[in-house]
Amino acid sequence: MAKVLTSREENYSQWYNDLVIKADLAENSAVRGSMVIKPYGYAIWEKMQAVLDKMFKDTGHQNAYFPLFIPKSFFSKEASHVEGFAKECAVVTHYRLKNDENGKIVVDEDAKLEEELIVRPTSETIIWDTYRKWIQSYRDLPILINQWANVVRWEMRTRLFLRTAEFLWQEGHTAHATKDEAVAEAETMLKVYANFAETYMGVPVLQGIKSPNERFAGAVETYCIEGLMQDGKALQCGTSHFLGQNFAKAFDVTFVTKENKQELVWATSWGVSTRLMGALIMSHSDDNGLVLPPKLAPIQVVIVPIFRKEEELKAITEKVDGLINKLKEKGISVKFDNRDTHKPGFKFAEWELKGVPIRLAVGPRDLANGTVEVARRDTMEKEILHMEGIEDKIEHLLEQIQINIYQKAYDFRDNNSFRVDTWEEFKAQVEKGGFIYAHWDGTSETEQKIKDETKATIRTIPIDGKFEEGKCIYTGNPSKQRVVFAKAY
RNA sequence: CGGGGUAUGGCCCAGUCCGGUUAAGGCGCCUGCUUUGGGAGCAGGAGACCGCAGGUUCGAAUCCUGCUACCCCGACCA
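In this text the structure is predicted, and so the values were computed from the model without any measurement.

Of all eight residues making up strand E12 (residues 221-228), seven are buried, and the element is well covered by its neighbours. Relative to E12, strand E11 (residues 206-209) runs antiparallel, the two being bridged by four bridges. Bridged to glycine 208 within E12 is cysteine 224. The pairing of E12 with strand E13 (residues 234-244) spans eight bridges and is antiparallel. From the neighbouring strand, leucine 228 faces E13, where its bridge partner is alanine 234. Hairpin connection between E12 and E13: a loop of five residues separates the two successive antiparallel strands, and glycine 232 in this loop has a positive phi of roughly 85 degrees.

Time to look at the protein's contact with RNA strand B. Around RNA strand B, the surrounding shell holds 35 residues, and the nearest of these are Arg157, Arg163, Arg275, Glu352 and Asp366. Sugar and phosphate atoms form 36% of the subset of RNA strand B atoms that lie within 4 Å of the protein. A distance of 3.3 Å separates a base oxygen of RNA strand B from a polar backbone atom of glycine 363. Mapped onto the surface near RNA strand B, the elements with two or more residues apiece are helix H10 (344-353), strand E19 (358-362) and helix H11 (364-369). Sorting elements by how many residues they give to the surface near RNA strand B places H10 first, with seven residues. For the surface near RNA strand B, the per-class residue count stands at 14 nonpolar, five polar and 16 charged.

On to the domain arrangement of chain A. By the assigned domains, chain A splits into domain 1 (12-68 + 127-284), domain 2 (294-412) and domain 3 (417-486). Taking only C-alpha atoms, the centre of domain 1 and the centre of domain 3 are 26 Å apart. Listed per partner, the contact involves 18 residues of domain 1 and 17 residues of domain 3. Taken together, both faces of the contact between domain 1 and domain 3 bury some 1400 Å²; the carbon and sulfur share is 56%. When the area that domain 1 buries against domain 3 is broken down by residue, the three leading residues are Leu206, Asn213 and Glu214, summing to 33%. For the pair domain 1 and domain 3, the number of links is two salt bridges. The salt bridge involving arginine 459 is made with glutamate 214; its shortest N-O contact spans 3.5 Å. Counting residues per element, the side of domain 1 that touches domain 3 draws most heavily on E12, at five residues.

Viewed as axis vectors pointing N to C, helix H1 (residues 12-22) and helix H8 (residues 275-284) meet at an angle of 115 degrees, and their least axial separation amounts to 11 Å. The handedness of the crossing between H1 and H8 comes out as right-handed. For the pair formed by H1 and H8, the contact residues are Tyr12, Trp15, Tyr16, Leu19 and Val20 on the first element and Gly278, Ile281 and Met282 on the second.

As a further point, take the environment of serine 137. Residue position: serine 137 is located in the loop between helix H5 (124-134) and strand E9 (143-152). Sequence separation between serine 137 and threonine 257 is 120 residues, and the spatial gap between their C-alpha atoms is 6.5 Å. Excluding its chain neighbours within four sequence positions, the residues that come into contact with serine 137 are Phe255 and Val256. One polar contact links the side chain of serine 137 to the main-chain amide nitrogen of arginine 139, over a distance of 2.8 Å.

Calculation criteria
- Residues numbered from 1 in each chain as written.
- Chains lettered and ligands numbered in written order.
- Predicted model: local features only at pLDDT ≥ 70, side-chain atom pairs only at ≥ 80, totals over all residues.
- Heavy atoms only, no water.
- Buried < 20%, exposed > 50% of the residue type's maximum accessible area, 1.4 Å probe, protein only.
- Helix = DSSP H or I, 4+ residues; strand = E, 2+ residues; numbered from the N terminus.
- Pairing = 2+ DSSP bridges.
- Near = heavy atom within 4 Å.
- Polar contact = N/O pair within 3.5 Å; in protein donor to acceptor, adjacent residues only side chain to side chain.
- Nonpolar A, V, L, I, M, F, W, Y, C, P; charged D, E, K, R; others polar.
- Domains from an automatic or database assignment.
- Contact = heavy atoms within 4.5 Å.
- Buried area = accessible area lost by both parts, 1.4 Å probe.
- Salt bridge = Lys/Arg side-chain N within 4 Å of Asp/Glu carboxyl O.
- Axes fitted to C-alpha atoms, helices over the stretch in contact; angles between N-to-C directions.
- Left-handed = near helix turned anticlockwise from the far one by under 90°.

If you want it as structure tokens, here you go:
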């Protein structure tokens, strides 16, 4: 088989870059750091959106849309928030172009904006400025809103899906009357994300909270789900924030309680982005290409006819037409690849590269025997089955593949999670990769020093982590719980 | 923003050191024939102001100057 991908062993990040391009998911654009998401890649994102959107609505949220542009003055109202994002903001300063004396298009300096506009890196500020107008009484609460949007963070170094200057995401922004309710909301959405990652993406994730160093700018507490990629590096797959009353204070959002008292509103925000595409790719795929979980695959079953003459294709088409309908009735997406411009071998390789979970091949031999060749992408196994009742077997096989993909990723994480108790051991393990459960004294200084010396950061402090007395890996100071360290994307 | 590298048909790239007149090859593309159960073969064909702007020269992809873009490594980050 002709090799089109760099192998993972040879160069993991090159493998990833090759795969994104070759599987037709996305490509670099004319704009530095911004990508074009191609139809096949976007189809996966759309499936993710559809599932998540339903999950959000099932938990009581509604969609809305807020502006792309945020007045600079709004942005500077919450001190730690602005500090966190200031260095990566795109700023709009003018609203008109003109021809200069040489006929070149230039910015019209006369069209300077009174107040500069920030291109949103996230929407807390514009949303909380709006919520002030929406909220007067406890009767107006809670507000449970989500928006699907693009945001811009002017990153210095970018990678397709994992970090781009502009990316797509959803951001939920909720307002509550009590602290407990807001905390519960942040935790609920974390569970939604974890459920989505595991059940649909087949990516096992650790759930926990972020250390202060890794916390979202403006949050009181940041919750996260963390996945482990095949190269042993961690990838944050989603975050949910308990924002306390920070934004309510900054934007003066108060409400009157039943007891007629003025109080500040409690807030949360939560988001997942097209970065999930990166997690999906890096969790399951192999040296032959993408491996997609059936629940998110744009095409779940591809049928490749094997034929010499048009009459043969016609006979095969008649035979598989019924099967295609039966599969569609089951809600299974099928592609009949009847192109006569490519040979079967080419198609096999191409659909493997694109990660289609199941491939059926039907040729003259099968027509004679009433059979079909079934190949599954995750294990690359092939078997010949009778056409009779094949649709039930395919439905079942898709479920099996979904389970197997998750199990494989789970086992990988399990085999790459380590408990480490000495600094020497820790440094050695960081080099090898994986999740490292170690004791930490709870201070930002120690975390920073560990990061400076090893590049490993605290990915999460597990929520369901067992409390256990121990000594900090770095300082030897007492610790009550192991936290998870790893090198991260 | 530091350090390194690259720029030549749609893509990968040779040629650049040492200047010389049809800019080589592979992939892909088009046409035809033969093929089709794991990325087909043969024959023919189209496609390039050699990143941009100057300069040196009889002559520049090649030498000089300036610029721009992209990639890799760091600092920053979902």
